[in-house]
Amino acid sequence: SSPNENRLAYDDDSCNQKQFSFAIALETSVTYILIVTTFSPNITGAFWIYVSGPDNVDLKNINSPSVIQIPYSSAVKSNYSSELNTSSQTYSRDCRKSNYYYETIRVNVVETGYYALISSSNMNTFGYIYEDDFNPMNPVENLLSQDYRACSSQDFKFIAYLYTDTTYILVVTTSSPNMTGNFSILTSGPNNITLDPYTQIVTSCFIGQKCQFYKKSIGIILDDILRDEIRSNMTLADQTILVKINAALTMIMFTGGLINSILSILTFQSKDLRKVGCGIYLLASSTTSFLTISMLTVKFWFVVLTQMNLSIRLSVVRGGCVSIEPLLKLCLYLDAWLNACVAIERAILVFKGIKFNKQKSQHIARWIILILPICIMGSIIHEPIHRELREIKTETNKVDIDRWCVTRYSPSDQQYDTIILFFHLVAPCIINLCSALFIIFGSARQRSAAQTRRTLREHVYNQLSEHKQLLISPIILLFLSLPRLIMSMLSECVNPSNHRLLFIFGYFISFTPSMLIFIVFVLPSALYRRTFQESFRRWRRLILR
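Residues numbered from 1 in each chain as written. Predicted model: local features only at pLDDT ≥ 70, side-chain atom pairs only at ≥ 80, totals over all residues. Heavy atoms only, no water.

Novice: Can you help me understand the UniProt feature "transmembrane region" (unreviewed entry) in the protein in this one?
Specialist: Taking the numbering used here, the UniProt-annotated feature "transmembrane region" (unreviewed entry) corresponds to residues 247-268, 280-304, 363-381, 419-444, 470-490 and 502-528. Between the C-alpha atoms that bound residues 280-304 the distance is 36 Å, and the span itself is 100% helix and 0% strand. Between the C-alpha atoms that bound residues 363-381 the distance is 28 Å, and the span itself is 89% helix and 0% strand. (UniProt positions renumbered as here; feature names shortened; annotations may be inferred. Helix = DSSP H or I, 4+ residues; strand = E, 2+ residues; numbered from the N terminus.)

Novice: I tried to follow the pairing of strand β9 (residues 181-188) on my own but got confused; where do I start?
Specialist: Looking along a regular strand, one sees side chains alternate from face to face of the sheet. Counting buried positions along β9 gives seven out of eight residues, so the element sits mostly inside the fold. Here strand β1 (residues 80-84) pairs with β9 via five bridges, running antiparallel. Bridge pairing in β9 links Glu-83 to Asn-182. As defined by bridge partners, strand β4 (residues 113-121) adjoins β9 across six bridges and the pair is classed as antiparallel. (Buried < 20%, exposed > 50% of the residue type's maximum accessible area, 1.4 Å probe, protein only. Pairing = 2+ DSSP bridges.)

Novice: Help me understand the packing of helix α2 (residues 241-268) against helix α10 (residues 500-509) in this model?
Specialist: Two packed helices can be described by the angle between their axes and the distance between those axes. Here α2 crosses α10 at 10 degrees, and the two axes come no closer than 11 Å. In this view, α2 runs roughly parallel relative to α10, as classed from their interaxial angle. Residues Leu-242, Ile-245, Asn-246, Leu-249, Thr-250 and Met-253 of α2 lie in contact with α10, whose contacting residues are Arg-500, Leu-501, Ile-504, Phe-505 and Phe-508. A per-class count over the contact of α2 with α10 returns eight nonpolar, two polar and one charged. (Axes fitted to C-alpha atoms, helices over the stretch in contact; angles between N-to-C directions. Parallel < 35°, antiparallel > 145°, perpendicular 65-115°, else oblique. Contact = heavy atoms within 4.5 Å. Nonpolar A, V, L, I, M, F, W, Y, C, P; charged D, E, K, R; others polar.)

Novice: Whenever I open this one, the packing of aromatic side chains confuses me. Can you help?
Specialist: Working definition: an aromatic ring pair is given by the centre-to-centre distance plus the angle between the planes. Following the criterion strictly, the structure yields 19 aromatic pairs and no others. The interplanar angle of 75 degrees and the centroid separation of 5.1 Å between the aromatic rings of Tyr-161 and Tyr-163 together place this pair among those described as edge-to-face. What makes Tyr-161 partly exposed here is its relative accessible area of 37%. Here Phe-518 and Phe-532 contribute two aromatic rings whose centre-to-centre distance is 4.9 Å and whose plane-to-plane angle is 70 degrees, an arrangement assigned as edge-to-face. Placement of Phe-518 in helix α11 (residues 517-522) and of Phe-532 in helix α12 (residues 526-544) is noted, with a sequence separation of 14 residues between them. In this pair, the class of Phe-518 matches that of Phe-532, namely buried. Aromatic ring contacts, followed pair by pair, group Tyr-91, Tyr-102, Phe-126, Tyr-128, Tyr-130 and Phe-134 into a single cluster. Directly above the ring of Tyr-198 sits Arg-106, whose terminal nitrogen or CZ lies 4.3 Å from the centroid. (Phe/Tyr/Trp six-rings, centres within 6.5 Å; stacked < 30°, edge-to-face > 60°. Lys NZ or Arg CZ within 6 Å of the ring centre and 35° of its normal.)

Novice: I tried to follow helix α3 (residues 277-308) on my own but got confused; where do I start?
Specialist: Spacing of three or four residues puts side chains on the same side of an α-helix, whose turn is 3.6 residues. An ideal rise of 1.5 Å per residue puts 46 Å on 32 residues; α3 measures up with 46 Å between its terminal C-alpha atoms. Of all 32 residues that make up α3, 25 are buried, and the element is covered over most of its length. (Expected span 1.5 Å × (residues − 1).)

Novice: For this particular structure, what's the right way to read the side chain of Glu-345?
Specialist: Summarising the element assignment, Glu-345 is placed in helix α4 (residues 314-352). Setting aside anything within four residues of it in sequence, one finds Glu-345 in contact with Val-276, Gly-277, Cys-278, Tyr-281, Phe-356 and Ser-361.

Novice: Even after reading the chapter, I still don't get the nonpolar core, so can you show me in this structure?
Specialist: One recurring pattern in soluble globular proteins is that nonpolar side chains are buried together. Counting residues in each nonpolar core, the largest one holds 33 residues, and the members touching the most others are Tyr-333, Trp-337, Ile-376 and Tyr-528. For this core, the secondary structure elements donating two or more residues are α2, α3, α4, α5 (358-379), α7 (411-450), α11 and α12. For this core, the element with the most residues is α4, which contributes eight residues. Excluding anything up to four places from it in sequence, Tyr-528 contacts Thr-267, Phe-268, Leu-273, Cys-278, Leu-282, Arg-346, Phe-521 and Val-522. Core analysis: the second largest hydrophobic core is formed by 29 residues, Met-308, Leu-389, Trp-404 and Phe-508 among them. (Core = buried A, V, L, I, M, F, W, Y, C linked by side-chain atoms within 4.5 Å.)

Novice: So what exactly am I meant to see when it comes to the sheet that holds β4 here?
Specialist: Hydrogen bonds between backbone groups are what pair the strands of a sheet, and the pairing can be parallel or antiparallel. Taken together, the four strands give an open sheet; going across it, the order is β1-β9-β4-β7, and neighbouring strands pair in antiparallel fashion. The open sheet is flanked by β1 and β7 (157-162), the only strands paired with a single partner. Each strand axis lies, on average, 25 degrees off the axis of its neighbour in the sheet, ignoring direction.

Novice: Teacher, can you tell me more about α4 here?
Specialist: With 39 residues, α4 extends 57 Å between its outermost C-alpha atoms, agreeing within 8% with the 57 Å of an ideal straight helix rising 1.5 Å per residue. At Gly-320, α4 shows its strongest bend, of approximately 25 degrees. Of the residues one or two after α4, Gly-353 is the one with positive phi, at around 65 degrees. (Bend = angle between axes of the 7 residues up to and from the residue.)

Novice: Any chance you could explain the environment of Gln-307 here in plain terms?
Specialist: Residue placement: Gln-307 occurs in helix α3. Placed 76 residues apart in sequence, Gln-307 and Arg-231 show a C-alpha to C-alpha distance of 7.1 Å.

Novice: Looking at this model, I keep getting lost on the packing of α4 against α5. Mind explaining?
Specialist: Where α4 meets α5, the closest approach of the two axes is 10 Å, and the angle between their N-to-C directions is 150 degrees. In this view, α4 runs roughly antiparallel relative to α5, as classed from their interaxial angle. Crossing hand, α4 versus α5: right-handed. Note on element contacts: α5 touches α4 through Ser-361, Ile-368, Ile-369, Leu-372, Pro-373, Ile-376 and Met-377, opposite Pro-326, Leu-330, Tyr-333, Leu-334, Trp-337, Leu-338, Cys-341 and Glu-345. (Left-handed = near helix turned anticlockwise from the far one by under 90°.)

Novice: What should I look at first to understand unusual backbone geometry in this one?
Specialist: Backbone phi values are negative for most residues with the exception of glycine, while trans is the configuration of most peptide bonds. A positive phi angle is found at Ser-29, which is not glycine, with a value near 65 degrees. Along the polypeptide, Ser-29 turns up in the segment before β1. The phi dihedral of Asn-178 is positive, around 65 degrees, even though this residue is not glycine. Considering the arrangement of structural elements, one finds Asn-178 in the loop between β8 (168-174) and β9. When its relative accessible area of 48% is taken as the criterion, Asn-178 is described as partly exposed.

Novice: So what exactly am I meant to see when it comes to the pattern of salt bridges here?
Specialist: When their charged atoms lie close together, side chains carrying opposite charge are able to pair. All chains considered together, the criterion is met by three salt bridges. Salt-bridge contacts for Lys-299 lead to Glu-325; the nearest nitrogen and oxygen are separated by 3.1 Å. Taken together, the residues Lys-299 in helix α3 and Glu-325 in helix α4 connect sequence positions 26 residues apart. According to the relative accessible area criterion, Lys-299 is buried, its value standing at 3%. With relative accessibility at 0%, the residue Glu-325 sits in the buried group. (Salt bridge = Lys/Arg side-chain N within 4 Å of Asp/Glu carboxyl O.)

Laid out in structure tokens, this is it:
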């Protein structure tokens, strides 16, 4: 059906008496097919092939597809008849125009062999055969063969080698959008094949437009939010207002995170505060919070710049695709768990009271800071393995639209990823809240045992008033983490393009806890505030010298 495809050489009458002759270099371990035919139609007769060369050549009749007789005669009935109308499903056949009507037909093969499928219609029909499944959002996925205007007719014709126990999907559509009409499918082969219409139910969500669609995993990331918003080969000034808003928010958060980290490090570098584990955890958290905001900034500009400038080397884009998102999650999760460690240590301090061992606390804190990043990275190591760079290509096989990072999980990997996301986002918040409640009620119970004149309820109220910052801080962190928790647990059939601005602000708000170490931990504490003031005065005197 496509005689020029894979053709290496051809000849008509270079030899005497109108015979063909080849002088050609052939390689071992390569399959070559010799086609013998005639100059004019309907000519029959015997023929011989003579071969000479450095060694013998084995010639074997392979019973090629040419033995299939396409059933043009009226004696052969069509296997399938239907029509494309305005109620038919539509998709983007060529990744440029939309609203092509199409019908999907399941092909059932009972005997392996070569089969011919030809359409008969008053429309210009296109035919596609897919193996296993057909994805209308990505029409090149699983594509086995395609045909249009075979043998100069307006119908398509396939000659394909089909296997039993394999699902094949025949897609019948048209050459132009909005075309309707009747069509029939004629078949021929070693045995009957049955054609059954079916309507595909898309159970997964796909993000993008036309052939930029890809099957989305659970959760929303920055790539999903900015998809279709960034204009390729244009400067930042020519980008959409949403991209500019994102750029402004990113730089504001980077500046705020830098100031927060400087002030926090200035506070917790004090040796007195680092005599217990809390000071060590908060010093480490001051550093990781800045790393988190820095990775967020790197992530945003990587996504934007690699879309604005498609000439960036593919290896650079692929490397960033695989590494940046996991590193961002590592910093974010590490920051949350360090804050949880602070809450746990405070609860232990209340529980043990004067028996609290500062040196042991300091030793444990150093070990946890070393082990925690390894444990977190081990829990998300599956992500860089399943991340890949997806290129959107046109029929000319050039990058015409863009390229995006996507994550492809199997059902079991998807379930594991959901559990890990839930654990890293929810567990630290719960620990913070439970520790705060334990501190308040534990302190109240200790005081009620020593001061029996007042009731337990009065002591609880006093402790709430005295340690309200311990309860307020985790509640603030939990509230600010909720957008990311919700976005990470969203059903895979939620498309952020429908409410893009809402997702943008939700995404950035989820990173604000990394900017609030100084506000949440230093300002409410008289000890930390006093230490900061002393460190700041010392630092200012050093500068003014």
